[in-house]
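So the chains spell out like this:
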Amino acid sequence: MQQGDNAWPIGYIHTQQVSGVTVIEFHDEIDIAAAQQILPDLDAATAAPGQTVVIDLTPTAFFDAYGLRLLCRAERRVRERGGWLLLVCPHQIILRVLHAGRLIGRFTPLATREEALRLTDSEAAG
């Protein structure tokens, strides 16, 4: 996992801090093999108390039930620690997976990272 830089990672997850928000990008194909590699870095990125986390699926090419498990785990860990998680998902096919998994009520997918960061800014100000 690389933090705080703009270099694209080798692997499936890239974590960085943007204006005090932890942004986690999932990259490439998120399936069982990727999920096993992502899990330790995802747990590390969601360990801090009271943090705001944005998971960005924009660079994701494929997403299945194992990806849903990762999202649910991340959301649960952040919520249990008093934080807030936002999901960025502009892909119709991944949105269908979220619907099929009945997770649209748990997550409200946003179209862009900028939209998610604006929400976190307005929440911090309000």
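Refer to the structure presented above.
Everything numeric here is computed off the predicted structure, so don't read it as measured data.

Trainee: Go over the overall build of the protein with me, naming the residues and quoting the values.
Mentor: In terms of regular secondary structure, the protein is built from 4 helices and 6 strands. Residues classed as buried in the protein amount to 42% of the 126 residues present. The long-range share in the protein, meaning contacts at least 24 apart out of those at least 6 apart in sequence, stands at 65%. Entry remark: accessible area of the protein is about 6600 Å², with carbon and sulfur atoms responsible for 51%.

Trainee: Just give me the short version of the pattern of salt bridges, but keep the residues and values in it.
Mentor: Side chains bearing opposite charge may pair, as long as their charged atoms lie close to each other. Scanning the entire structure with this criterion turns up 7 salt bridges. In this structure, the salt-bridge partner of arginine 113 is glutamate 25, at a minimum N-O distance of 2.2 Å. Placement of arginine 113 in helix α4 (residues 113–125) and of glutamate 25 in strand β2 (residues 21–26) is noted, with a sequence separation of 88 residues between them. For the pair shown, arginine 113 and glutamate 25 are each scored as buried.

Trainee: Let's hear about the sheet that holds strand β4 (residues 52–56): which residues, and what values?
Mentor: Note: strands within a sheet are paired through backbone hydrogen bonds, in either parallel or antiparallel orientation. Within the open sheet, the 4 strands sit side by side as β1-β2-β4-β6. Their pairing is mixed. What marks the edges here is a single partner per strand, and that holds for β1 (13–18) and β6 (84–88). Adjacent strand axes in the sheet meet at a mean angle of 20°, parallel and antiparallel pairs treated alike. Each of β2, β4 and β6 touches helix α2 (residues 65–80); the most contacted strand, β6, lies at about 150° to it.

Trainee: I'd like to hear about the side chain of arginine 113, residue by residue, with values.
Mentor: Judged by relative accessible area, arginine 113 falls into the buried class, the value being 15%. Among all residues touching arginine 113, those that are not within four sequence positions of it are Gln16, Val23, Glu25, Asp56 and Val88.

Reading the values: rules and limits
- Residues numbered from 1 in each chain as written.
- Predicted model: local features only at pLDDT ≥ 70, side-chain atom pairs only at ≥ 80, totals over all residues.
- Heavy atoms only, no water.
- Helix = DSSP H or I, 4+ residues; strand = E, 2+ residues; numbered from the N terminus.
- Buried < 20%, exposed > 50% of the residue type's maximum accessible area, 1.4 Å probe, protein only.
- Contact = heavy atoms within 4.5 Å.
- Areas by Shrake-Rupley, 256 points an atom, 1.4 Å probe, with all protein chains shown as cover.
- Salt bridge = Lys/Arg side-chain N within 4 Å of Asp/Glu carboxyl O.
- Pairing = 2+ DSSP bridges.
- Axes fitted to C-alpha atoms, helices over the stretch in contact; angles between N-to-C directions.

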